[in-house]
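In case you want the letters, here they are:
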Amino acid sequence: MRILAVITVLSFLLGACGPNVSAIHTEEVSFVSQGDTLKGVISKPTGDGPFPAVVMIHGSSPATRKNFQQYTRSFVHQGIAVLNYDKRGCGSSGGSMWTANFADLGADAAAALEHLAARPYTDTTRLGYWAISQGAWVMHLAHERAPADFFVGVSAPTITPRDQIRYHTASIVLENGGTEAFAERFHAYLTGYIDYLRTRQGYEQWMREDSLLRTDDRMQWLGDFFAFSDLVHREPPEELPPFGECQVNPSARNLDFDPLPYYERLTEPVLLVYGRNDNSLPLRDCLERVLPAARREGQIQFKAYFNADHGLREKSAGGDRYPEGYMQLLGDFIKDPGMRIVSE
């Protein structure tokens, strides 16, 4: 699981009565966003519908329609249509993930929602975004372009990417016996790189730290931590490409994006689901930030699973698995976003 935690850090920067759902019907689709053609697949129950439907917004890693197939199968068997597409620059989709920002990814998800809404079998009164991790930042910008009827956020950060990196970095360092001081130093080094690319300031200071930390034995805890993309920019300011052309993960490009104002403006139902064994997110901080908005409108609800990790998986003797009742809960909410969730 430590390897998975490292990969997450790296990719971050760098039934009841209803339709007959014994079979899954799939349809290859393509749509245009920001001038690029994105491709994916719609999976739906057999029959004419109308079906409640979701667009899946992936996390920070490169991802394709092959990701999260267990969610897709569960949702379809519960009578829900799903559009899962290759992230831009991944699989068969055009564009580049490494030069994209949250607005670009939001435009992609919005285009997917509009494409799904145009299908005759889609219930356009129950059409929403399902998002995990980074996708839960992106879903707000998608909603501005193509409004949804509801949101499902899995391991949804309600803090900025900069603060999320600080927490996740500290978790890994401390798990390996390091100190808080080293964790903070590494965090400053990592985010300082992005700040340098953006502002063109602090080059000499960052390069000095870079030369020291790259030979520090403690760096093995974080693996090849510069896997922002295929390229790390160590050029002086006059040789750097424009920030929009630098190769970095969208989360790094949007270090100070704050989702809280978006939650405060939302009136649509929202379900935020967390694992209490998640070393990537400070669960208490995430909940406390959005609680005032949740109490004011009452439409933001939470569910936490005690033994689940960032991917909402629990360890068991037979291998990692999703918590009992978890998929059913998500399906129930998608079909009836006005339902009340029993929280632990």
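Here, the structure is the one placed above.
Fair warning: this is a prediction, and the values are worked out from it, not measured in the lab.

### What to know about the sheet that holds strand E1 (residues 24-33)
Alright, step 1. Strand order across the open sheet formed by eight strands is E1-E2-E4-E3-E5-E6-E7-E8, with mixed pairing between neighbours. The outermost strands of the open sheet, each flanked by one partner alone, are E1 and strand E8 (300-305). Within the sheet, the average angular offset between the axes of one strand and its neighbour, ignoring direction, is 20°.
Alright, step 2. Relative to strand E4 (residues 81-85), strand E3 (residues 51-57) runs parallel, the two sharing three bridges. Note that in E4 the partner of Val54 across the bridge is Val82.
Alright, step 3. Sitting on the sheet, helix H2 (residues 69-77) is in contact with E1, strand E2 (36-45), E3, E4, strand E5 (122-132) and strand E6 (151-154), with an inclination near 160° to E4.

### Some words on helix H10 (residues 283-297)
Since the α-helix advances by 3.6 residues per turn, residues separated by three or four positions end up pointing in the same direction.
Alright, step 1. Its 15 residues give H10 an end-to-end C-alpha distance of 21 Å, which sits within 8% of 21 Å, the value for a rise of 1.5 Å per residue.
Alright, step 2. Largest kink in H10: about 45°, centred on Leu291, with the proline Pro292 one to four residues after it.
Alright, step 3. All of the buried residues along H10 are Leu283, Cys286, Val290, Ala293 and Ala294.
Alright, step 4. Looking at the buried residues of H10, the elements they touch are helix H9 (260-265), strand E7 (270-275) and E8.
Alright, step 5. Immediately beyond the C-terminal end of H10, within one or two residues, lies Gly298, with a positive phi of roughly 80°.

### With respect to the side chain of Ser33
Alright, step 1. Turning to its location among the elements, Ser33 is positioned in strand E1.
Alright, step 2. Overall, Ser33 belongs to the buried group, its relative accessible area being 4%.
Alright, step 3. From its side chain, Ser33 meets the backbone oxygen of Ala107 in a polar contact 3.4 Å long.

### Here's the deal with the nonpolar core
Alright, step 1. If you look at the biggest cluster of nonpolar residues, it comprises 50 residues, and the most contacted ones within it are Tyr129, Tyr263, Leu272 and Ile300.
Alright, step 2. Apart from the residues lying within four places of it in its own chain, the contact partners of Ile300 are Tyr263, Val270, Leu272, Val290, Ala293 and Ala294.
Alright, step 3. Core analysis: the next-biggest nonpolar cluster, separate from the first, contains 26 residues, Tyr71, Trp130, Ile132 and Leu330 among them.

### Overview of unusual backbone geometry
Peptide bonds are, in most cases, trans, and in most cases residues other than glycine have a negative phi.
Alright, step 1. For the bond from Gly49 to Pro50, the omega torsion is 5°, close enough to zero to count as cis.
Alright, step 2. Secondary-structure assignment places Pro50 in the loop between E2 and E3.
Alright, step 3. A positive phi is found at Ser155, a non-glycine position, where the angle reads about 50°.
Alright, step 4. Following the sequence through the fold, Ser155 ends up in the loop between E6 and helix H5 (161-175).
Alright, step 5. In this structure Ser155 comes out as buried when scored by relative accessible area, which is 0%.
Alright, step 6. Of note in the backbone geometry, Arg200 takes a positive phi value of approximately 65° without being a glycine.
Alright, step 7. With respect to the helices, strands and loops of the structure, Arg200 is situated in the loop between helix H6 (180-199) and helix H7 (203-213).
Alright, step 8. By relative accessible area, which is 24% here, Arg200 ends up partly exposed.

### So, the packing of H5 against H6
Alright, step 1. At a closest axis distance of 8 Å, the pairing of H5 and H6 adopts a crossing angle of 145°. Judged by the sense of rotation from one axis to the other, the crossing of H5 with H6 is right-handed. Contacts between H5 and H6 involve Arg162, Ile165, Arg166, Thr169, Ala170, Val173 and Leu174 from the first element and Glu180, Phe182, Ala183, Glu184, Phe186, His187, Leu190, Thr191, Asp195 and Arg198 from the second.
Alright, step 2. In terms of residue class, the contact of H5 with H6 is made up of eight nonpolar, three polar and six charged.

### What to know about the pairing of E7
Alright, step 1. Counting buried positions along E7 yields six of six residues, so the element is predominantly enclosed.
Alright, step 2. Side chains of E7 alternate between two faces, with Val270, Leu272 and Tyr274 and Leu271, Val273 and Gly275 buried alike.
Alright, step 3. Pairing of E6 with E7, which is carried by four bridges, proceeds in the parallel orientation. Within the sheet, the bridge partner assigned to Val154 lies in E7 and is Val273.
Alright, step 4. Relative to E8, E7 is paired through six bridges, and the arrangement is parallel. If you follow Leu272 over to E8, its bridge partner there is Phe302.
Alright, step 5. The parallel pair E7 and E8 is bridged by H10, and the resulting crossover is right-handed.

### Thoughts on the pattern of salt bridges
Alright, step 1. In this structure the tally under the stated criterion is 16 salt bridges.
Alright, step 2. With a closest N to O distance of 2.8 Å, Asp256 and Arg162 form a salt bridge. Taken together, the residues Asp256 in the loop between helix H8 (250-253) and H9 and Arg162 in helix H5 connect sequence positions 94 residues apart.
Alright, step 3. By sharing partners, the salt bridges in this structure join Arg162, Asp195, Arg198 and Asp256 into a single network.

Rules of the game
Residues numbered from 1 in each chain as written. Predicted model: local features only at pLDDT ≥ 70, side-chain atom pairs only at ≥ 80, totals over all residues. Heavy atoms only, no water. Pairing = 2+ DSSP bridges. Helix = DSSP H or I, 4+ residues; strand = E, 2+ residues; numbered from the N terminus. Axes fitted to C-alpha atoms, helices over the stretch in contact; angles between N-to-C directions. Contact = heavy atoms within 4.5 Å. Expected span 1.5 Å × (residues − 1). Bend = angle between axes of the 7 residues up to and from the residue. Buried < 20%, exposed > 50% of the residue type's maximum accessible area, 1.4 Å probe, protein only. Polar contact = N/O pair within 3.5 Å; in protein donor to acceptor, adjacent residues only side chain to side chain. Core = buried A, V, L, I, M, F, W, Y, C linked by side-chain atoms within 4.5 Å. Left-handed = near helix turned anticlockwise from the far one by under 90°. Nonpolar A, V, L, I, M, F, W, Y, C, P; charged D, E, K, R; others polar. Right-handed = clockwise from strand over helix to strand, strands pointing away. Salt bridge = Lys/Arg side-chain N within 4 Å of Asp/Glu carboxyl O.

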